[in-house]
Amino acid sequence: DKVTFTIQATGTGMEYQWQWYHAPSDNWIDTHIAGHNTNTLVVTTNNFNGGRQYRCRLRTVNGSGWNEVYTEAATMTVLPAAEITEPLPETVTVKVGETVQLHLGATGAGLNYQWQYAKYVGSWSNTTLEGAKTDTLTIANVRADLNGRYYRVYITNQYGGYLETAYVQLIVEE
């Protein structure tokens, strides 16, 4: 998703320079993304730039040289892709041959789910098991070799935001 900041100003020989700031820094930083030197700045949102403030430095020529002014800062708020209402447990224990359902409760706009698995945390793959694109994954006829496997959900929303949930570990008993 994108956020557009626009200012309106009049003057002779206007020069624009958009800047951003994010606590705990004490400095405003010149941005160099598209539009940084125009009256309109377009910022692509992500999970990391929420809370940033943006302002524009305007420079104009007057009779004695340059006049420099700054706009008021605007804070960009990036909402999470989803709010987790029912998190996954840390572990789920099941016996060989049983069926287990993993459920995650989430709210948000236009949510899409993709369950993922990993033998080792960090090497995730999408699963195609029943419910792989819903809030509930079903693992039927659990096998012993699934013991210790990890599962999580990759959630996206209609605005392009995403969230990777905490994982649950499957414990399979003989």
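These figures come from a predicted structure and were not determined experimentally.

Draft legend 1. Quick peek at the confidence of the model for the protein. Looking at the protein as a whole, its pLDDT mean stands at 91, while 99% of the residues score no less than 70. Highest mean pLDDT in the protein belongs to strand E14 (residues 136-139) (98); lowest belongs to strand E6 (residues 65-70) (86).

Draft legend 2. Quick peek at the pairing of strand E12 (residues 112-118). Of all 7 residues making up E12, 5 are buried, and the element is well covered by its neighbours. Both E12 and strand E15 (residues 150-156) contribute to a ladder of 7 bridges, which runs antiparallel. When the sheet's bridge partners are listed, Ala118 is paired in E15 with Tyr150. One ladder, built from 2 bridges, connects E12 with strand E13 (residues 125-126); its direction is antiparallel.

Draft legend 3. Focus on the environment of Glu68. Its place among the elements puts Glu68 in strand E6. By relative accessible area, which is 40% here, Glu68 ends up partly exposed. Separated by 54 residues in sequence, Glu68 and Met14 place their C-alpha atoms 9.9 Å apart. Of the polar contacts made by the side chain of Glu68, one reaches the side chain of Tyr70; its length is 3.2 Å.

Draft legend 4. Representation of the nonpolar core in the model. One finds Val100, Leu102, Ile139, Val142, Tyr151, Ile155 and Leu170 to be the most contacted residues of the largest nonpolar core, which totals 22 residues. Among the elements of the structure, strand E9 (91-95), strand E10 (100-103), E12, E14, E15 and strand E17 (168-173) are those that each provide at least two residues to this core. Grouped together as the second largest cluster of nonpolar side chains are 11 residues, Phe5, Tyr16, Val43 and Met76 included.

Draft legend 5. Spotlight on the packing of aromatic side chains. As enumerated under the stated definition, the model contains 6 aromatic pairs in all. With a centroid separation of 6.3 Å and 40° between ring planes, the pair formed by Phe5 and Trp18 is classed as tilted. With Phe5 in strand E1 (residues 2-6) and Trp18 in strand E2 (residues 15-21), this pair connects stretches of sequence that are 13 residues apart. Accessibility assignment for this pair places Phe5 and Trp18 in one class, buried. Between the aromatic rings of Tyr150 and Tyr167, the centroid separation amounts to 5.0 Å while the plane-to-plane angle is 80°, which identifies the pairing as edge-to-face. Here Tyr150, found in strand E15, pairs with Tyr167, found in the loop between strand E16 (162-164) and E17; they are 17 residues apart in sequence, far enough to count as distant. Three or more aromatic residues link up through ring pairs in this structure, and these residues are Phe5, Trp18 and Tyr54.

About the cut-offs
Residues numbered from 1 in each chain as written. Predicted model: local features only at pLDDT ≥ 70, side-chain atom pairs only at ≥ 80, totals over all residues. Heavy atoms only, no water. pLDDT = per-residue confidence, 0-100. Helix = DSSP H or I, 4+ residues; strand = E, 2+ residues; numbered from the N terminus. Buried < 20%, exposed > 50% of the residue type's maximum accessible area, 1.4 Å probe, protein only. Pairing = 2+ DSSP bridges. Polar contact = N/O pair within 3.5 Å; in protein donor to acceptor, adjacent residues only side chain to side chain. Core = buried A, V, L, I, M, F, W, Y, C linked by side-chain atoms within 4.5 Å. Phe/Tyr/Trp six-rings, centres within 6.5 Å; stacked < 30°, edge-to-face > 60°.

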